[in-house]
Amino acid sequence: MQPLTAEHADAVLAFETRNRAYFATSIPDRGDDYFAAYPDRHAALLAMQDAGTDRFHVMVTDDGTVAARVNLVHIEDGEAEIGYRVGQEFTGRGVATRSVRAACDLARTAYGLTRLHAVVTTDNPASRTVLLRNGFTPTTATVVNGRAAHSYVRPVPLMGE
């Protein structure tokens, strides 16, 4: 797991482009503008990271291919929302579980967060399983982009707690 840097821009765009149709089967498509203006989007992500409001991460293979992305967003008062996506060719190998676990560890050790939130649609059982394996607990039913979903929460105790 690596923090997102300027050097990841091309690899992240390749990851998003390669997996666009796959991701669109479970989450809303980002739209053509996202891809056309990606250099500006990447710079904006780095600015948010520099401001401390969000933390973006990539899981990369030995050859530099992005296998997964894990983001901690809307950081405020020791809490953040976690979101993640794994490339289609890396599914079923535990990449999502390991990536989310690594982000939970970073949330505690590097960022001093105490609680993480997530929202997953009910038609995404793999993502729900990843959260449950990483100690998240379902809390409330909700709706995301017109689809039934559940909110999840996970305390991230600081060292010694």
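Residues numbered from 1 in each chain as written. Predicted model: local features only at pLDDT ≥ 70, side-chain atom pairs only at ≥ 80, totals over all residues. Heavy atoms only, no water.

Considerations on the overall build of the protein chain
Item 1. For the protein chain, the helix and strand inventory stands at six helices and seven strands.
Item 2. Dimensions of the protein chain, computed from C-alpha atoms along their principal axes, come out at roughly 45 × 35 × 30 Å.
Item 3. By residue count, 37% of the 161 residues in the protein chain fall in the buried class.
Item 4. Contacts spanning at least 24 positions in sequence make up 57% of the contacts within the protein chain whose residues lie at least 6 apart.
Item 5. As presented, the protein chain carries roughly 8,500 Å² of accessible surface, and 52% of it is formed by carbon and sulfur atoms.
Item 6. Charge-centre separation for the protein chain: the mean point of 16 positive side chains lies 8 Å from the mean point of 19 negative side chains. (Helix = DSSP H or I, 4+ residues; strand = E, 2+ residues; numbered from the N terminus. Buried < 20%, exposed > 50% of the residue type's maximum accessible area, 1.4 Å probe, protein only. Contact = heavy atoms within 4.5 Å. Areas by Shrake-Rupley, 256 points an atom, 1.4 Å probe, with all protein chains shown as cover. Lys, Arg positive; Asp, Glu negative; His and termini not counted. Charge placed at Lys NZ, Arg CZ, Asp CG, Glu CD.)

Notes on the environment of Thr114
Item 1. Position of Thr114 relative to the elements: it lies in the loop between helix H5 (95-109) and strand E5 (115-121).
Item 2. For Thr114, a relative accessible area of 34% corresponds to the partly exposed category.
Item 3. Once the C-alpha coordinates of Thr114 and Phe23 are considered, the two residues, 91 residues apart in sequence, prove to be 29 Å apart.

Comments concerning the sheet that holds E5
Item 1. Taken in spatial order, the seven strands make up an open sheet running E1-E2-E3-E4-E5-E7-E6, and their pairing is mixed. Each end of this open sheet is capped by a strand with a single partner; those strands are strand E1 (2-3) and strand E6 (137-144).
Item 2. Strand contacts of H5: strand E2 (55-60), strand E3 (66-76), strand E4 (79-86), E5 and strand E7 (147-155), with the helix running at about 35° to E3, the strand carrying the most contacts.
Item 3. Here helix H6 (residues 125-133) sits on the sheet and contacts E4, E5, E6 and E7; the angle it forms with E5, its principal contact strand, is near 160°. (Pairing = 2+ DSSP bridges. Axes fitted to C-alpha atoms, helices over the stretch in contact; angles between N-to-C directions.)

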